[in-house]
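Understanding the architecture of this molecule
Now for the letters of each chain:
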Amino acid sequence: MTQQRSSRGLRRDPGPVETVGDLLGAAFAGLVVGIAVVLVLEGVLALTRVADFGRTNGWLILILPTWLFVEQFRAAGFGADRVLAAALGIGFGAAAGMTVAGVVAPYTPPLVSGGAGAVTATVVYCFVWFYGLRWLRQRSG
């Protein structure tokens, strides 16, 4: 007896993404959900007068993209190339994100400056991880 596998629906283990656009799209979807959750949290805090609107750290929107990056790390298989690509992505992403957040911070509340840094860090990490991993795998054979 043969079983056919349906091509519709979610796969249990999606594996690594095929294109950088797919990785960026999934990361931006996570950022949008994170922004929505943080804005709801901000609204509740402002309505209950616990804190002023915009005082929550915008870096909180990185929760879902970080989860995506961990799953991509796991799906990449074993090897030093994935560790090096992830370390470089984290380093460059954090540096770029903190630079943008630091430049924007004097003019905006923490929610906006942290959010700008988080978006920058996500984009930089996506590019460094995707292209760095492929370059390292090509070099190592």
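Residues numbered from 1 in each chain as written. Predicted model: local features only at pLDDT ≥ 70, side-chain atom pairs only at ≥ 80, totals over all residues. Heavy atoms only, no water.

1. What about helix H3 (residues 80-104)?
- Helix length check: H3 (25 residues) gives 36 Å between terminal C-alpha atoms against 36 Å at 1.5 Å per residue, within 8%.
- Buried within H3 are the following residues: Asp-81, Arg-82, Ala-85, Ala-86, Gly-89, Gly-93, Gly-97 and Ala-101.
- Packed against the buried residues of H3 are helix H2 (63-75) and helix H4 (110-140). (Helix = DSSP H or I, 4+ residues; strand = E, 2+ residues; numbered from the N terminus. Expected span 1.5 Å × (residues − 1). Buried < 20%, exposed > 50% of the residue type's maximum accessible area, 1.4 Å probe, protein only. Contact = heavy atoms within 4.5 Å.)

2. Quick notes on the pattern of salt bridges
- Under the defined criterion, the tally for this structure stands at two salt bridges.
- A salt bridge links Glu-71 to Arg-74; the shortest N-O distance between them is 3.0 Å. Residue Glu-71 and its partner Arg-74 are located together in helix H2, separated by three residues, close to a single helical turn. (Salt bridge = Lys/Arg side-chain N within 4 Å of Asp/Glu carboxyl O.)

3. Remarks on the packing of helix H1 (residues 20-47) against H2
- H2 packs onto H1 with a crossing angle of 150° between their chain directions and a minimal axis gap of 7 Å. Residues Leu-23, Ala-26, Ala-27, Gly-30, Leu-31 and Val-33 of H1 pack against Leu-64, Pro-65, Leu-68, Phe-69 and Gln-72 of H2.
- In terms of residue class, the contact of H1 with H2 is made up of nine nonpolar, two polar and no charged. (Axes fitted to C-alpha atoms, helices over the stretch in contact; angles between N-to-C directions. Nonpolar A, V, L, I, M, F, W, Y, C, P; charged D, E, K, R; others polar.)

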